[in-house]
Amino acid sequence: MTSLLYAASRITHPSFTPENYNKWYTETHIPHILSTSIFNTATRYRSTIPSAAFPYLVLYPIKDVKEMDSEEMKTIPVENSDLFPEKGTHFDFLGFDTRVYGFLDGYGKEDSGSGKLRASFLHQRTQLMNREEKATHIITAALQPPSAMEEEFHKWYHDEHYAELAKCKGYLRSRRYRLQKTVKYGGQEVQEVPKYIAVHEFEGESFSLDDVDAAGETQWAKRMLGSMEKSEIGVWRVTGRFGAGP
């Protein structure tokens with residue numbers, strides 16, 4: 001199984017430019033992280049929602065959530081950079097929303113051009129990620145159902161929602177995860193976040209939300225989505241891929 005490190009960020013210092021931030025993240029921070037044995041790949045995203053609280057996102061697959069508490073994690077450098085607006089570490093200039101998730105289940109198409117659906121509830125990392133390079137956009141759907149509706153929530157995904165999403169233009173696959181923990185850096189506050197997150201992947205520069213919106217218009221979908229205690233929906237464009245999987 002593959003777990004997931006979800007690392008969203010935003011610039012908090014007025015003199016830290018997006019250009020310098022992106023240069024630092026791409027040329028310094030990600031290489032530091034991928035130099036460990038914990039991470040093999042990273043994918044960067046930019047929110048397409050102008051009002052997003054955290055407009056930047058990186059997803060790092062990890063083999064085991066326990067690795068996040070390892071001694072090796074502590075070796076990732078936290079240091080000053082000439083790209084920063086003044087002396088300090090990245091925690092002084094950036095805000096983070098960092099979460100660790102365990103893999104739950106997934107769904108995908110056998111072939112993105114054939115329309116033939118692959119067997120539901122994929123559990124092999126290679127099956128879920130063997131066409132990762134095709135995705136140009138993702139939708140993240142972090143949802144918290146009431147405890148009394150959790151069983152139906154999963155049933156809705158399995159019996160209807162995955163198949164409805166698979167009808168959308170450019171749809172590739174979905175993966176769902178269960179929250180294991182949030183990570184606090186320095187004095188930054190950690191807010192309560194939804195228990196589950198789904199990552200839906202799409203290909204094509206003409207990606208549109210119209211089909212996706214339609215997938216949420218069934219009676220069952222309306223009832224489930226209207227019952228969520230917490231809901232966070234993100235729409236992201238891929239901006240870079242780093243590393244190489246096994």
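These remarks concern the structure in this document. (Residues numbered from 1 in each chain as written. Predicted model: local features only at pLDDT ≥ 70, side-chain atom pairs only at ≥ 80, totals over all residues. Heavy atoms only, no water.)

**Re helix H3 (residues 150-166)**
For step 1, the next point in the chain: Under the 1.5 Å per step criterion, the end-to-end length of H3 is 23 Å for 17 residues, consistent within 8% with the ideal 24 Å.
For step 2, the next point in the chain: Where H3 bends most, the angle comes to about 45 degrees, and this point is Tyr-157.
For step 3, the next point in the chain: Of all the positions in H3, only Glu-150, Phe-153, His-154, Trp-156, Tyr-157, Glu-160, His-161, Tyr-162, Glu-164, Leu-165 and Ala-166 are classed as buried. (Helix = DSSP H or I, 4+ residues; strand = E, 2+ residues; numbered from the N terminus. Expected span 1.5 Å × (residues − 1). Bend = angle between axes of the 7 residues up to and from the residue. Buried < 20%, exposed > 50% of the residue type's maximum accessible area, 1.4 Å probe, protein only.)

**What to know about the nonpolar core**
For step 1, the next point in the chain: The biggest cluster of nonpolar side chains holds 26 residues, and the ones touching the most others in it are Tyr-25, Phe-39, Tyr-60 and Met-68.
For step 2, the next point in the chain: At the level of secondary structure, the elements contributing two or more residues to this core comprise strand E1 (3-11), helix H1 (18-34), strand E3 (56-62) and strand E4 (94-108).
For step 3, the next point in the chain: Considering every element that reaches this core, the biggest residue donor is H1, with five residues.
For step 4, the next point in the chain: In contact with Met-68, not counting residues within four places along its chain, are Leu-5, Phe-39, Ile-62, Met-73, Val-100 and Lys-181.
For step 5, the next point in the chain: Counting 23 residues, the second largest nonpolar core, distinct from the first, contains Leu-143, Cys-168, Tyr-196 and Phe-207. (Core = buried A, V, L, I, M, F, W, Y, C linked by side-chain atoms within 4.5 Å. Contact = heavy atoms within 4.5 Å.)

**So, the side chain of Ser-9**
For step 1, the next point in the chain: With respect to the helices and strands, the residue Ser-9 is situated in strand E1.
For step 2, the next point in the chain: Ser-9 sits in the buried class, given a relative accessible area of 1%.
For step 3, the next point in the chain: Only 2.5 Å separates the side chain of Ser-9 from the side chain of Tyr-21, close enough to count as a polar contact.
For step 4, the next point in the chain: If we ignore the near neighbours within four places in the chain, the residues touching Ser-9 are Tyr-21, Tyr-25, Phe-54, Pro-55, Tyr-56, Gly-95 and Phe-96. (Polar contact = N/O pair within 3.5 Å; in protein donor to acceptor, adjacent residues only side chain to side chain.)

**Here we look at the sheet that holds E1**
For step 1, the next point in the chain: Read once around its circumference, the closed barrel built from eight strands follows the order E1-E3-E2-E8-E5-E7-E6-E4, with strand pairing classed as antiparallel. Strand-to-strand twist in this sheet, taken as the mean axis angle between neighbours without regard to direction, amounts to 35 degrees.
For step 2, the next point in the chain: As judged from the seven bridges shared by strand E2 (residues 41-47) and strand E8 (residues 230-243), these two strands associate in the antiparallel manner. In the strand pairing of E8, Tyr-45 is matched with Val-238. (Pairing = 2+ DSSP bridges. Axes fitted to C-alpha atoms, helices over the stretch in contact; angles between N-to-C directions.)

**Some points on the pairing of E1**
For step 1, the next point in the chain: Extensive coverage of E1 is indicated by the burial of seven of its nine residues.
For step 2, the next point in the chain: Judged from the seven bridges that link them, E1 and E3 form a sheet pairing that is antiparallel. Its bridge partner lying in E3, Tyr-6 is registered against Leu-59.
For step 3, the next point in the chain: When E1 meets E4, the two strands line up antiparallel, connected through eight bridges. The residue of E4 that forms the bridge with Tyr-6 is Arg-99.

**Describing the side chain of Ser-47**
For step 1, the next point in the chain: When you line up the elements, Ser-47 lands in strand E2.
For step 2, the next point in the chain: Judged by its relative accessible area of 10%, Ser-47 falls in the buried class.
For step 3, the next point in the chain: For Ser-47, the side chain forms a polar contact with the main-chain nitrogen of Ile-49, separated by 3.0 Å.
For step 4, the next point in the chain: Residues in contact with Ser-47, not counting those within four places in the same chain, are Ala-52, Pro-55, Val-235 and Trp-236.

**Examining the packing of aromatic side chains**
For step 1, the next point in the chain: Under the defined criterion, the tally for this structure stands at 20 aromatic pairs.
For step 2, the next point in the chain: The interplanar angle of 50 degrees and the centroid separation of 5.1 Å between the aromatic rings of Phe-84 and Phe-93 together place this pair among those described as tilted.
For step 3, the next point in the chain: For Phe-93, a relative accessible area of 1% puts it in the buried group.
For step 4, the next point in the chain: Their ring planes at 70 degrees and their centres at 5.8 Å tell us that Phe-91 and Phe-96 sit as a pair that is edge-to-face.
For step 5, the next point in the chain: According to the relative accessible area criterion, Phe-91 is partly exposed, its value standing at 26%. (Phe/Tyr/Trp six-rings, centres within 6.5 Å; stacked < 30°, edge-to-face > 60°.)

**Notes on the packing of H3 against helix H5 (residues 219-226)**
For step 1, the next point in the chain: Two numbers describe how H3 lies on H5: the axes approach to 11 Å, and their chain directions differ by 150 degrees. Where H3 crosses over H5, the handedness of that crossing is left-handed. When H3 is examined against H5, the residues Glu-152, Phe-153, Lys-155, Trp-156, Asp-159 and Glu-160 are found in contact with a partner set consisting of Trp-220, Ala-221, Arg-223, Met-224 and Leu-225.
For step 2, the next point in the chain: Residue composition of the contact of H3 with H5, grouped by class: six nonpolar, no polar and five charged. (Left-handed = near helix turned anticlockwise from the far one by under 90°. Nonpolar A, V, L, I, M, F, W, Y, C, P; charged D, E, K, R; others polar.)

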